[in-house]
Amino acid sequence: MFRSLKLVLLATAALALVPVGEAAAATLTGAPPIVIGHRGASGYRPEHTLAAYELAIDMGADYIEPDVVSTKDGVLIARHENEISGTTDVSSRPEFADRYTTKIIDGAEVEGWFTEDFTLAEIKTLRAKERLPQLRSTAYDGLYEVPTLQEVIDLAKRKSAETGRTIGIYPETKHPTYFNSVGLSLEEPLVEILTANGYTDADDAVFIQSFEVANLQRLNTLTNVSLVQLFGGSGSQPYDFVVSGDSRTYGDLVTSTGLAGIAEYAQGIGPSKGLIIPSATVDRDGDGKADDLNGDGVISDADRPLKEPTTLIDDAHAAGLLVHAYTFRNEDFFLAPEYNGNPELEYEKFLKLGLDGLFSDFPDTAVAVRNRVAGNPNQAVPEPSSLAILGILPLAEILRRRQNQGGKKAKKAIASS
Ligand code: G3P
Ligand code: CA
């Protein structure tokens, strides 16, 4: 099915999902927003492990997100970077000490150990560890392997069968220009794996995302699955633009002209939260440094007050593009001062703007708020009339549940939106 037609059909099918009497989120299709387990439930388990992905699914995530890099023998594995000392125990493994090196990755000098210098068999001897030990538990360090993309897909399919929900996958190609330059192109192996696993159409529960442009344009010629253009900071550039001499920045891509161009090869955009609701750095004393507004001795998102929302969601919707924003996290460190340490307020604020999906390290919180604000696409609810007869529910709640029952029937459509 053509991907634009898919959106039209979803919009039509989802009209009945909008709750009556509530602040309905005006998503592109009208379907409830999707929750994407960002690197799994990475707030609770080391990121990009099967344990993290499975927990995300158990918490109700609609999609799980593997970032994808390549091994020396061309196997796609789930890691956020090809340099793996921050998320594995490689630096403490004497047998790999001689693999330590320095490379230029996307124009930046990076030291460490790199996936493209290890075979899959060698990668499998490593164990994952927590990226943010200052904020998150390290109790699970040393327990889990680095999974292959195929293992992530196997998990999604097994859990789909077990739960009756369609668990989607949301792979991101990491450093595609770099991997292409070392003879380990990501695009063909990714499409090969997806095709072998039955992910071939726009209706299938998969999105491919990338911060680069050329690789998405190439993927658009290789597969019909849905594609999402990620955005970095407004002043920065997709790395393939740097290499090709294209002077455009992400700031240019978020304009109406830029979005129209993206709509020619992608079905959605993945902006950072700050491109939707910007935040301010406060420097009252003019010393050139951000003020520590909450006085905790650390400059964090908790010291950056929110500004007015931009028009990005509306602009993207006008171009026919879904908007899936990253990254929602529960810790105070990542929450603007207006939220007073309550991550639910952040979800609510974004969902009410019409966001179509969000990447969360804490899918339990994300799903709870999504279900409350926009309806639960996966959960069966009791027959309202029987509850009415029993006098258990007031009329308004009965009507709300009747509206939301359409969500169960539409769950596959939502998972593939
Ligand atoms: O893919 C959405 C989001 O994950 C992009 O940021 O750096 O976490 O991959 P990153
Ligand atoms: Ca990612």
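None of these values were measured; they are calculated from a predicted model.

(A) Structural view of the overall build of the protein chain. Along the protein chain, the regular secondary structure elements total 17 helices and 13 strands. The burial tally for the protein chain puts 52% of its 417 residues in the buried class. By sequence separation, contacts in the protein chain at least 24 residues apart represent 68% of the contacts at least 6 residues apart.

(B) Local environment of the coordination of the calcium ion (ligand 2). For the calcium ion (ligand 2), every protein donor is listed as Glu65 (OE), Asp67 (OD) and Glu172 (OE), and the spread of their distances is 2.1 to 2.3 Å. Each of the six donor atoms bound to the calcium ion (ligand 2) contributes to angles spanning 56 to 161°, and the resulting shape is irregular. Going along the chain, you hit the donors of the calcium ion (ligand 2) in the pattern E-x1-D-x104-E. Of this pair, aspartate 67 sits in strand 3 (residues 67-70) while glutamate 172 sits in strand 8 (residues 172-173), placing them 105 residues apart in sequence. Across the pair, glutamate 172 and aspartate 67 agree in class, each one buried.

(C) Inspection of the pairing of strand 3 at higher detail. Of the two faces of strand 3, both are covered, the one formed by Asp67 and Val69 as well as the one formed by Val68 and Ser70. When strand 3 meets strand 4 (residues 76-78), the two strands line up antiparallel, connected through three bridges. When the sheet's bridge partners are listed, valine 68 is paired in strand 4 with alanine 78. Between strand 3 and strand 4, which follow one another and run antiparallel, lie five residues, and glycine 74 among them has a positive phi close to 75°.

(D) Structural detail: a nonpolar patch on the surface. A contiguous nonpolar surface patch, about 220 Å² in accessible area, is contributed by Leu135, Val298 and Phe333. Mapping phenylalanine 333 onto the fold places it in the loop between strand 12 (322-328) and helix 12 (343-351).

(E) Representation of the packing of helix 4 (residues 149-163) against helix 6 (residues 187-196). Closest axis-to-axis distance for the helix 4/helix 6 pair is 11 Å, and the angle between their directions is 30°. Judged by the angle between their axes, helix 4 and helix 6 are roughly parallel. Of the two elements, helix 4 crosses helix 6, and the hand of that crossing is right-handed. Residues Leu149, Gln150 and Ile153 of helix 4 form the contact with helix 6, whose own contacting residues are Leu190, Ile193 and Leu194.

(F) Spatial organisation of helix 7 (residues 214-222). For helix 7, the complete set of buried residues consists of Asn215, Leu216 and Leu219. The arc that holds every buried residue of helix 7, seen down its axis, measures 100°, which confines them to one face. Lining the buried residues of helix 7 we find strand 8, helix 5 (176-181), helix 6, strand 9 (207-210) and strand 10 (226-230).

(G) Molecular detail of the pattern of salt bridges. Following the criterion strictly, the structure yields 27 salt bridges and no others. Among the ionic pairs, glutamate 162 bridges to lysine 159, the shortest N-O distance being 3.7 Å. One end of the pair is glutamate 162 and the other is lysine 159, both in helix 4 and three residues apart, which spans about a single turn. By relative accessible area, lysine 159 is classed as buried at 5%.

(H) Structural detail: unusual backbone geometry. Put simply, tyrosine 326 and threonine 327 share a cis peptide bond, and its omega is -15°. If you trace the backbone, threonine 327 turns up in strand 12. Not every positive phi belongs to a glycine, and asparagine 340 is a case in point at roughly 50°. One can find asparagine 340 in the loop between strand 12 and helix 12. Overall, asparagine 340 belongs to the exposed group, its relative accessible area being 70%.

(I) Quick peek at the packing of aromatic side chains. Applying the stated criterion to the full structure yields 13 aromatic pairs. Between the aromatic rings of phenylalanine 328 and tyrosine 347, the centroid separation amounts to 5.1 Å while the plane-to-plane angle is 15°, which identifies the pairing as stacked. Of this pair, phenylalanine 328 sits in strand 12 while tyrosine 347 sits in helix 12, and the two are 19 residues apart along the sequence. No difference in accessibility class separates phenylalanine 328 from tyrosine 347, as the two residues are buried. The rings of Tyr63, Tyr170, Phe207 and Phe359 are connected pair by pair, giving a single aromatic cluster. The ring of tyrosine 140 carries the charged tip of arginine 45 above its face, separated from the ring centre by 3.9 Å. A cation over a ring is seen here: lysine 157 above tyrosine 199, with NZ or CZ 4.8 Å from the ring centre.

What counts and how
- Residues numbered from 1 in each chain as written.
- Chains lettered and ligands numbered in written order.
- Predicted model: local features only at pLDDT ≥ 70, side-chain atom pairs only at ≥ 80, totals over all residues.
- Heavy atoms only, no water.
- Helix = DSSP H or I, 4+ residues; strand = E, 2+ residues; numbered from the N terminus.
- Buried < 20%, exposed > 50% of the residue type's maximum accessible area, 1.4 Å probe, protein only.
- Contact = heavy atoms within 4.5 Å.
- Donors = N, O, S within 2.8 Å, 3.2 Å for Na, K, Ca; no water.
- Tetrahedral: all angles 85-135°; square planar, octahedral: opposite > 155°, others 65-115°.
- Pairing = 2+ DSSP bridges.
- Patch = residues over 30% accessible without salt bridge, like charges linked within 9 Å, V, L, I, M, F, W, Y side chains within 5 Å.
- Areas by Shrake-Rupley, 256 points an atom, 1.4 Å probe, with all protein chains shown as cover.
- Salt bridge = Lys/Arg side-chain N within 4 Å of Asp/Glu carboxyl O.
- Axes fitted to C-alpha atoms, helices over the stretch in contact; angles between N-to-C directions.
- Parallel < 35°, antiparallel > 145°, perpendicular 65-115°, else oblique.
- Left-handed = near helix turned anticlockwise from the far one by under 90°.
- Arc of directions from axis to C-beta.
- Phe/Tyr/Trp six-rings, centres within 6.5 Å; stacked < 30°, edge-to-face > 60°.
- Lys NZ or Arg CZ within 6 Å of the ring centre and 35° of its normal.

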